[in-house]
Every structure is written in C-alpha cells, then in structure tokens.
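Structural features, examined
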Amino acid sequence: MDDVALATEGDAAAFERVYRAHMPRIFNLARRMAGPDAADELTQDVFVRAWQKLALFRGESSFSTWLHRLAVNVIIERFRTLGTARERFLADSEAVLEIAHARRTKHLDLSMDLQVAIEQLPHGARTVFVLHDVEGYKHAEIGDILGVSAGTSKSQLHRARQTLRGLLRKEV
Amino acid sequence: MTDQGQFGERDHEPLGADDILSQAIEQCRDEMPAQDLWPAVSARLEIKSAPRRSQISLTLPQLALAASLLMAVASGLTWLASRQPLAPAEAQPMVVAQGESAGEVEGGIVNANFADAQFNAAVIDLEQILRDERDRLDPRTVLVIERNLKTIDLAIQEARMALNDDPANAYLNSHLADARRRKLDLLRHATTLASAGGN
C-alpha cells in the first residue's frame, strides 16, 4: 500500500512522507503566486486541506496533479479572502500595466529576477501568468479555476507578459 | 516597435524559446522554506485524529453486545438442534456464509468441515497479528475481546459436537458457518483496532 493510501486511512506518518515528497513544488507554487511572505503559511494550509480532503482523492488523476490543483484553489481562496475580488483583477484589463509601471519607477532600478517582477503584478494577472507559463495550465483550465472565460485568461496573460518583458528588459 | 506590436494578438499561446520570458522561467530557481513547516502542519492535523479515535471506541460496546447475543442465541439453538432435529420436510436450503464458498456439498447440504483449512489459516493469521499488537490496546479492551472470542469458540465447539451426531443437519451447518464468520469478523475488528492503536 503506498503512502497516499495509508494517509487516506489516517496514517499521519505516511502523510508526513507525502508532505516531504510534494512540499517543494507546492511551496514554490505558493511563493510564485502569492509571494515569499505568504508562502510558508499557504503551504501549511494546502497540506492541512489535503489531509482533510484525502478521502475525496479517487485516483482518477495522479496524486501530484490532484494536490497541485487543490493548492491552486487554496491560494486563490486566500486572494479572495484578502479582498482581491475576481471582478477587480480580471475585469479591468488595463490595471495590470498601470500598476506595474507605477511600481517600476519606484522599485525597479535594482537588478531584478523574474520572481521579483512577478511580484509586481496584481494577484489576478500573476495567477494567470504563473499557471499558464510556469505551471503549464491551459486557458480553459485557468478559466475553470478562476470562474472566468478562457478569453479573459488569454487577455490577462497577454498583458502580464507585456509587463514582465518590460520589467526584465529594464533589468538587462 | 512596441511590445504590443511585436507580440500581437497571439501573445497568449506558449512562449517561444527565444522569448526573454522563456529564458527567465528556465532560470527560475526553486527555493525551500527557511524552516521546517511540518511541525506546524502536523499540529493542525491532530484536529482530525480525534473523531477517528472516537469512532473506534464505539465499536467496543457493539462487540460486547454482539458477543453476548451470540452466546445466548448460539447456546440455545445448539441445544434445541441437538435434541430436536428438523424433520426432512422442514429442512431449509443451506446458506453458505460469505467467504466460505469452497465447501464440500453432499446432497444439497454443506458439510460442517468444509473450508476448515481456510478458516483455520485465517484465524491463525489474525490471532498472530492480535498477539503482536495487543500491547497497543487498552487492557480492558483486550479483556472484552478475549471474553467474546471464548464465547464464540464455545459456540463453534458445541455446533461441531452436535454435528458429530447429526452431520446432515442443515441448521447446525448454517450455525457453524455463522459462528465462524463471527469469529473472523471479531478478529478483524480487533486487529484493526490494535493497528490503529486505539482504545
């Protein structure tokens, strides 16, 4: 019996092994989507939620895929709890550029890597960019997760990329 | 040329290899938390463990009740069956207990000795597990389990003795199969309980 099956039956030691195996990917997903300050707490939240929901894992997808999707949902829930409403970050398509340019003048005179650039984006655009370009989700999947159309996801991605390219070139 | 013009309307598809974003993503380094997060996660998991223990503890009175009922019913019916064998016209079709379908069939009656080897092997395995794990159980729980096992063993023994005198008795065969199933069920419950470390 593998560790996931044992954990499903309440074996905490097996669940720790599951945690050790999957934590790095989940932590870095949280770090990229929500920033380094929130990554620790979100990672904890994801694994606590996974423990609570393990009985719902039916093995239809790989456990890694199931856990990743659950993590994305936990992180997006956090954004919404913090007041980053879907309407705000996905309806106003120009907001991405405006916010990022305004921050660039203050903060981007130092060397910057992609992570720092991503952190300049609003939550919604950051989510779409990370899910699509870093994690490999399709627009339809992102739309499903965020409750928006695939077209909205495409639009956000286009603008997020524009902003990030500008920020990275500034660094170069 | 602006970024808008350079990348155009199709800038929502997978990135090209020469795109500065592709190169940046490839160079993106994974990091690890500054501290081990497991203790904090583990502390929050304990909330879920409590209901599991309480669910297990509820099985003890059920076990005691089931064994008491079995003792009363088994003793009474075995006594009746050994003294008042059913008339041929009243004989009921044999019901074979689940998991004991490999029995020897003689004229529509399943002999009481069927699947003895399977039954004994399963009992030996489960009793061994229980012996290995019994230290994880509360002594009172062990007492209840042992008392119930003795009760069931007595019922099995009585049924077998009665069958020596009346091997074709349909009721006795059914009763023996039922008692065996109950013993296996009780052993399975007990070993599950012990493996969970609950009391």
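Residues numbered from 1 in each chain as written. Chains lettered and ligands numbered in written order. Predicted model: local features only at pLDDT ≥ 70, side-chain atom pairs only at ≥ 80, totals over all residues.

A short note on the confidence of the model for chain B
Residue and element names in this part refer to chain B. Condition: Every residue gets a pLDDT, meaning the predictor's confidence in that residue, from 0 to 100. Throughout, a residue-residue contact means that the two C-beta atoms, derived from backbone geometry, are no farther apart than 7 Å.
Residue-level pLDDT values for chain B average 68, and 57% of them are 70 or greater. pLDDT under 50 marks residues 1-7. Its contacts with residues more than four places away, or in other chains, come to five contacts. Overall, residues 47-58 carries pLDDT values under 50, and its contacts beyond four positions in sequence, including any with other chains, amount to eight contacts. Across the assembled chains, the prediction reports ipTM 0.80 with pTM 0.52.

So, helix α8 (residues 123-134) of chain A
Basically, it comes down to this: Counting other C-beta atoms within 10 Å of its own, a residue is labelled buried from 20 upward, exposed at 12 or fewer, and partly exposed in the gap between, with every C-beta atom placed from the backbone. Numbering of helices and strands runs from the N terminus, with a helix taken as a DSSP run of H or I at least four residues long and a strand as a DSSP run of E at least two residues long.
Within α8 of chain A, eleven of the twelve residues are buried, which leaves it mostly tucked inside the rest of the structure. Every buried residue of α8 of chain A is accounted for by H123, G124, A125, R126, T127, V128, F129, V130, L131, H132 and D133 of chain A.

Section: the interface of chain B and chain A
One frequently used descriptor of interface size is the decrease in accessible area upon assembly of the parts. So the rule is basically this: Put simply, Ala, Val, Leu, Ile, Met, Phe, Trp, Tyr, Cys and Pro go in the nonpolar bin, Asp, Glu, Lys and Arg in the charged bin, and everything else, Gly too, in the polar bin.
Listed per partner, the contact involves 23 residues of chain B and 30 residues of chain A. Contributing elements (two or more residues each) for the side of chain B that touches chain A: α1 (3-7), α2 (20-27) and α3 (38-57) of chain B. Element by element, the count of residues in the side of chain B that touches chain A is highest for α3 of chain B, at eight residues. Looking at the side of chain B that touches chain A, its residues break down into 13 nonpolar, three polar and seven charged.

Focus: the nonpolar core
Note the cut-off: What makes a nonpolar core is a set of buried Ala, Val, Leu, Ile, Met, Phe, Trp, Tyr and Cys residues, with links drawn between C-beta atoms within 7 Å.
In this structure, I26, A30, A71, I75 and F129 of chain A are the most contacted members of the largest nonpolar core, which totals 46 residues. Of all the elements, helix α2 (residues 12-34) of chain A adds the most residues to this core, at ten residues. With sequence-adjacent residues up to four places away left out, F129 of chain A is seen in contact with I118, L121, L157, A160, R161 and L164 of chain A. If you look at the next biggest cluster of nonpolar residues, it comprises 20 residues, including A162, L163, L176 and A190 of chain B.

Structural notes on the environment of A14 of chain A
Here A14 of chain A is to be found in helix α2. For the pair A14 of chain A and V4 of chain A, spaced ten residues apart in the sequence, the C-alpha separation amounts to 7.1 Å.

Quick notes on the environment of D153 of chain B
Of note, D153 of chain B is situated in helix α6 (residues 139-165). As a C-alpha pair, D153 of chain B and R180 of chain B span 27 residues in sequence and 8.6 Å in three-dimensional space.

Regarding the packing of α2 of chain A against helix α4 (residues 63-81) of chain A
Residues and elements named next belong to chain A. Rules: Simply put, an axis is a line fit to the C-alpha atoms, just over the touching stretch for a helix, and the angle between two N-to-C directions goes from 0 to 180 degrees. Between 65 and 115 degrees an angle is taken as roughly perpendicular, under 35 as roughly parallel, over 145 as roughly antiparallel, and anywhere else as oblique. Two helices cross in a left-handed way if the nearer one is turned anticlockwise from the farther one by less than a right angle. They cross in a right-handed way if the turn is clockwise.
Direction vectors running N to C along α2 and α4 enclose 30°, while the axes themselves pass 10 Å from each other. Relative to α4, the element α2 lies roughly parallel. When the axes of α2 and α4 are compared, the crossing they make is right-handed. For the pair formed by α2 and α4, the contact residues are H22, I26, L29, A30, M33 and A34 on the first element and S64, L67, H68, A71, I75 and R78 on the second. Partitioning the contact of α2 with α4 into residue classes produces eight nonpolar, three polar and one charged.

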